[in-house]
Amino acid sequence: MINSSLIRLAAVGELSLNWLILFNLSFRGLLFGGFISLAACGLSLAFQLGFINAAHGDMAVLSAYLSWVLLSIFGIDPFISLIIVVPSIVIIGFALQKFLLNRFLLRGLMDTVIIITFSIGMVIQNMLQLIFSADFKTLMQPYIMQALSIGFLNIPLTYLINFVFALVLFTVLHFFFTKTFAGRAFRAVPQDSEAAMMFGVKPEVAYIYGMGIMAMTQAIFGVLMGISYVFAPSSGSTYLLLPLGAIMLGGLGSLKRTFIGGLIIGEILILSGYFFGAQYQYIMCHLITLILILFKPEGLLVKRT
Amino acid sequence: MLEVNQLNVSYGELQVLFDVSLMVKKGELVALLGPNGAGKTTFTKAVIGLLKPKSGSIFFLGKRIENLPTPDITKMGIAIVPEGRRLFPLMTVKENLLIGAYVSKEARTKAKDTLNKVYTLFPRLKERENQLAKTLSGGEQQMLAIGRALMSLPKLLILDEPSLGLAPSLVLTMLNTIKKLNEGEKLTILLIEQNVRAALQIADRGYVIENGRVVLEGEAKEMLKEEYIKKAYMGGD
C-alpha cells in the first residue's frame, strides 16, 4: 500500500507519514468512487425514467461472464470484448423492454416493474450458477495488475482506468440528456408521458432506447468490474446496493449528482476500510450513508427550495 | 383546416360527446364554449388522439386523423396548450420550450429563432430561462405552456381553458396575446373557454357545447347579441 517514495518523503516524521497515507488513500477513494459511480449510472437513469431496475447488478455480472467466455474460449482480451459484449447486452435490454417491461410501464405499473426486474435478476443469477458454478472468476490480465507511482501517490492502474471510463461516460450522457432534443424527450416521458406525446414523443420508443442506454452502461461496467476484481453469480446484489447508496446520497434525478454521490461512497468505503478494517467496510459504508441521508433526506447535493 | 364531423366519444359506457361537428378554417380564431363538464376537454383529447372516438371523423389538412396515435397527429402541425398546462415540472423553462420543438425536424432546426420569438412575446420567460418550471407562478406557467406549443411551429393551435386559474387582469392580457398571435402571426386558433363573453370578443366564430351537444354556433359578433347566450352565460343584461 505504501510505496518507497512515499516512505522516503515521509522520513521526516511519523505524523507526516500518516498524513501522506491519508492523502494517498483519499485520492484512491476518489478514483475508486468513479467505479461506484459507473456502477450507479444505469440505475440513476432508470430512476429518471421513473422505475427501479432490480436486475441492475445482475446485468453487469452477466456482461462479465459473457466477456469471460470470450476470453477463455476465444482468447479475446476483455477490453476488446467490449465490442461484442456491449451490443449483445443492449439487444437483450431492447428485447426485455419491448416485450416485457413496456407492457407494465406504459400502464403506469411502476411497482410491478420492481418485482419483475427482481425476478429477472434471480433468473440471471441462477442461470449463471448452473452454467458456471458458484466459483469466483476474474478477467484480470497481467498487464493491468500494476500500480502507478506519481510522486508519493500510489494508484492501482485499474482504479485510474475505471475512473476515466466513468468520467467520460457520465460527461457524454450528461451532455446527451441535457443538451439534445432526444435526451430531453427521454426526461420528459416520466414527468408527464401524455404531455410528451403531445409534442411527438413516443413513450414506448423512449423506454426501449432508455433501457438500451442503461444496458450499455451496465455492460461497460460489468466488464471493467471483471477486469478489476473477482466475481461470482451472486455478485449482482453488491452492485445494486452500493449504487443505490450513491444515488440516494447525491439526490435523485441527475447524473451529475449520482457521479458525485458515487465518489463520496468510494471515499467512505476506502477510508472506513483503512480505519475499521476490511470486514467492517460495507457495514460502515451503509451506516454512514444512512446517517448522512438522515440529515438531508433529499440528497446531499440537492438545493433546498 | 380542421373538420370534425358527427363525432361521438364515450368513456366506456358513458357517452360524453354526441354528434359534434365543428370546423376551423385557415387563419380563423374559433371559440368552443361551454360550462364545466360539457365535454370541451374530451373534444380536445379526441382531436389530438388521446381518446379514440366511437364514430365520426376528424380531418386535418384534408387527412383523416381520428385513428392516428397522438405523436403522429401533433407532428402534422397541431399544437396544444392543454388544460392544467401539463408542463414538465423538473425541467427548466428553456428545456420545456425546447421539448416543444422536438415534434418535427423543421421545428428543431428553427428552434433557436423560434425561441427568440417566444422570448420577445413573453420577456418574463427569458428572465426565468433557467428556473425549474414548477417554481413559476400560474400566469408564467400559462405563458410557458403557450410558448412550448409555439415552439412546435404549429399550423393549428388549440388552447384548452387558458384563462383557468388566472387572475382577472391576467385573463385579459392572455386573451390579447392570443388575438395577437391570430392576427399578427396569422396563426389558426381553436380557443376552448368557459369565459364566454371574453372569448367571443376576440373570436371570429363560436360554438357552444352543452351536455356533449353543440347547441349554438355562429359569428362571434352575432352570438354576443344572442338572447340565449346573454341569459345563460352573462347573467342576463
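Residues numbered from 1 in each chain as written. Chains lettered and ligands numbered in written order. Predicted model: local features only at pLDDT ≥ 70, side-chain atom pairs only at ≥ 80, totals over all residues.

**With respect to the overall build of chain A**
And step 1. The number of helices and strands found in chain A is 12 helices and four strands.
And step 2. Taking 19 Å as the expected radius of gyration for a compact globule of 305 residues, we find that chain A reaches 20 Å, a close match to that expectation.
And step 3. The principal-axis extent of the C-alpha atoms belonging to chain A is close to 70 × 55 × 35 Å.
And step 4. Classification of the 305 residues of chain A by burial places 46% in the buried group.
And step 5. Taking the contacts inside chain A whose residues are at least 6 apart along the sequence as the reference set, 76% of them involve residues at least 24 apart. (Helix = DSSP H or I, 4+ residues; strand = E, 2+ residues; numbered from the N terminus. Rg over C-alpha atoms; globule rule 2.2 N^0.38 Å. Buried ≥ 20, exposed ≤ 12 C-beta atoms within 10 Å, placed from the backbone. Contact = placed C-beta atoms within 7 Å.)

**Considerations on the interface of chain A and chain B**
And step 1. Contacts between the two partners involve 17 residues from chain A, matched on the other side by 24 residues from chain B.
And step 2. Broken down by secondary-structure element, the contributors of at least two residues to the side of chain A that touches chain B are α7 (181-191) and α8 (193-198) of chain A.
And step 3. At six residues, α7(A) tops the list of elements feeding residues into the side of chain A that touches chain B.
And step 4. For the side of chain A that touches chain B, the residue count by class is eight nonpolar, four polar and five charged. (Nonpolar A, V, L, I, M, F, W, Y, C, P; charged D, E, K, R; others polar.)

**Description of the environment of B:V93**
Residue and element names in this part refer to chain B.
And step 1. Here V93 lies in helix α3 (residues 93-100).
And step 2. Sequence separation of V93 and I192 is 99 residues, and the distance between their C-alpha atoms is 25 Å.
And step 3. Residues within four places of V93 in sequence aside, it is in contact with L125, R128, E129, Q131, A133 and L144.

**What about the sheet that holds strand β1 (residues 2-11) of chain B?**
Residues and elements named next belong to chain B.
And step 1. Spatial strand order, β2-β1-β4-β5: four strands in an open sheet with antiparallel pairing. Strands at the two margins of the open sheet, each flanked by one partner only, are β2 (14-24) and β5 (63-64).
And step 2. Two strands pair when backbone bridges link them, and strand β4 (residues 55-60) and β5 are joined in this way by two bridges, in the antiparallel orientation. Pairing of F59 across the sheet is with R64, part of β5.
And step 3. Across the sheet, helix α1 (residues 40-47) touches β1, β2 and β4, and the angle it forms with β2 is around 70 degrees. (Pairing = 2+ DSSP bridges. Axes fitted to C-alpha atoms, helices over the stretch in contact; angles between N-to-C directions.)

**Considering the sheet that holds strand β10 (residues 213-219) of chain B**
All names here are of chain B.
And step 1. Ordered by their spatial adjacency, six strands build an open sheet running β6-β7-β8-β3-β9-β10, and the pairing between neighbours is mixed. Bordering the open sheet on either side are β6 (78-81) and β10, each of which pairs with just one other strand. Taking the axes of each pair of neighbouring strands and ignoring which way they run, one obtains an average angle of 15 degrees across the sheet.
And step 2. The pairing of β6 with strand β7 (residues 156-160) spans four bridges and is classified as parallel. The partner of A79 across the bridge, within β7, is L157.
And step 3. Lying on the sheet, α1 is in contact with β3 (29-33), β6, β7, β8 (188-193) and β9 (205-210); it crosses β7 at an angle near 150 degrees.

**So, helix α11 (residues 255-276) of chain A**
Residue and element names in this part refer to chain A.
And step 1. In a regular helix each residue adds 1.5 Å, so 22 residues correspond to 32 Å; α11 covers 31 Å between its end C-alpha atoms and thus fits that length.
And step 2. Counting buried residues in α11 gives 16 out of 22 residues, a clear majority hidden from the surface.
And step 3. A positive phi of about 95 degrees marks G277, the residue just after α11. (Expected span 1.5 Å × (residues − 1).)

**Regarding the pairing of β8(B)**
Residues and elements named next belong to chain B.
And step 1. Burial runs high along β8: six of the six residues are buried.
And step 2. Burial along β8 is two-sided: T188, L190 and I192 facing one way and I189, L191 and E193 facing the other are all buried.
And step 3. As judged from the five bridges shared by β7 and β8, these two strands associate in the parallel manner. Following the sheet pairing, L157 is matched in β8 by I189.

**Describing the packing of helix α3 (residues 56-74) of chain A against helix α4 (residues 78-105) of chain A**
Residue and element names in this part refer to chain A.
And step 1. Where α3 meets α4, the closest approach of the two axes is 9 Å, and the angle between their N-to-C directions is 130 degrees. The orientation of α3 with respect to α4, classified from their angle, is oblique. In the crossing of α3 with α4, the sense of the turn from one axis to the other is right-handed. Residues M59, S63, L66, S67, L70 and L71 of α3 pack against P78, S81, I84, V85, S88 and I89 of α4.
And step 2. Tallied by class, the residues present in the contact of α3 with α4 amount to eight nonpolar, four polar and no charged. (Parallel < 35°, antiparallel > 145°, perpendicular 65-115°, else oblique. Left-handed = near helix turned anticlockwise from the far one by under 90°.)

**Observations regarding the nonpolar core**
And step 1. In this structure, A:L38, A:V201, A:I265, B:L32, B:L190 and B:L191 are the most contacted members of the largest nonpolar core, which totals 158 residues.
And step 2. Examining the composition of this core, we find that 13 residues originate from one element, helix α9 (residues 203-228) of chain A, more than from any other.
And step 3. Setting aside anything within four residues of it in sequence, one finds B:L190 in contact with B:L2, B:V24, B:V30, B:L32, B:L156 and B:I158. (Core = buried A, V, L, I, M, F, W, Y, C linked by C-beta atoms within 7 Å.)

**Some points on unusual backbone geometry**
All names here are of chain B.
And step 1. The phi angle at L153 is positive, at roughly 50 degrees, despite the residue not being glycine.
And step 2. Within the secondary structure, L153 sits in the loop between α7 (138-150) and β7.
And step 3. With a phi angle near 45 degrees, N211 is a residue other than glycine that sits in the positive phi range.
And step 4. Note that N211 resides in the loop between β9 and β10.
And step 5. By C-beta crowding, N211 is classed as partly exposed, having 13 other C-beta atoms within 10 Å.

**Focus on the packing of α7(A) against α3(B)**
And step 1. The N-to-C vectors of α7(A) and α3(B) enclose an angle of 105 degrees; their axes lie 10 Å apart at closest approach. Of the possible angle classes, the one that applies to α7(A) and α3(B) is roughly perpendicular. Across the interface between the two elements, A:F181, A:R184, A:A185 and A:A188 of α7(A) pack against B:E95, B:L98 and B:I99 of α3(B).
And step 2. Broken down by class, the residue content of the contact of α7(A) with α3(B) amounts to five nonpolar, no polar and two charged.

**Concerning the environment of A:L294**
Residue and element names in this part refer to chain A.
And step 1. Take L294: it is sitting in helix α12 (residues 281-295).
And step 2. Since 8 C-beta atoms lie within 10 Å of it, L294 is described here as exposed.
And step 3. Sequence separation between L294 and S228 is 66 residues; the distance between their C-alpha atoms is 33 Å.

**Some words on the pairing of β9(B)**
All names here are of chain B.
And step 1. For β9, the tally of buried residues reaches five of six residues, placing the bulk of the element in the interior.
And step 2. Bridge count between β3 and β9: four bridges; the pairing is parallel. In the sheet register, L32 faces β9, and the bridge partner there is Y207.
And step 3. Direction of pairing for β9 relative to β10: antiparallel, over a ladder of six bridges. Bridged to Y207 within β10 is E217.
And step 4. Here β9 folds back onto β10, and the loop between the two strands holds two residues, one of which, N211, carries a positive phi near 45 degrees.

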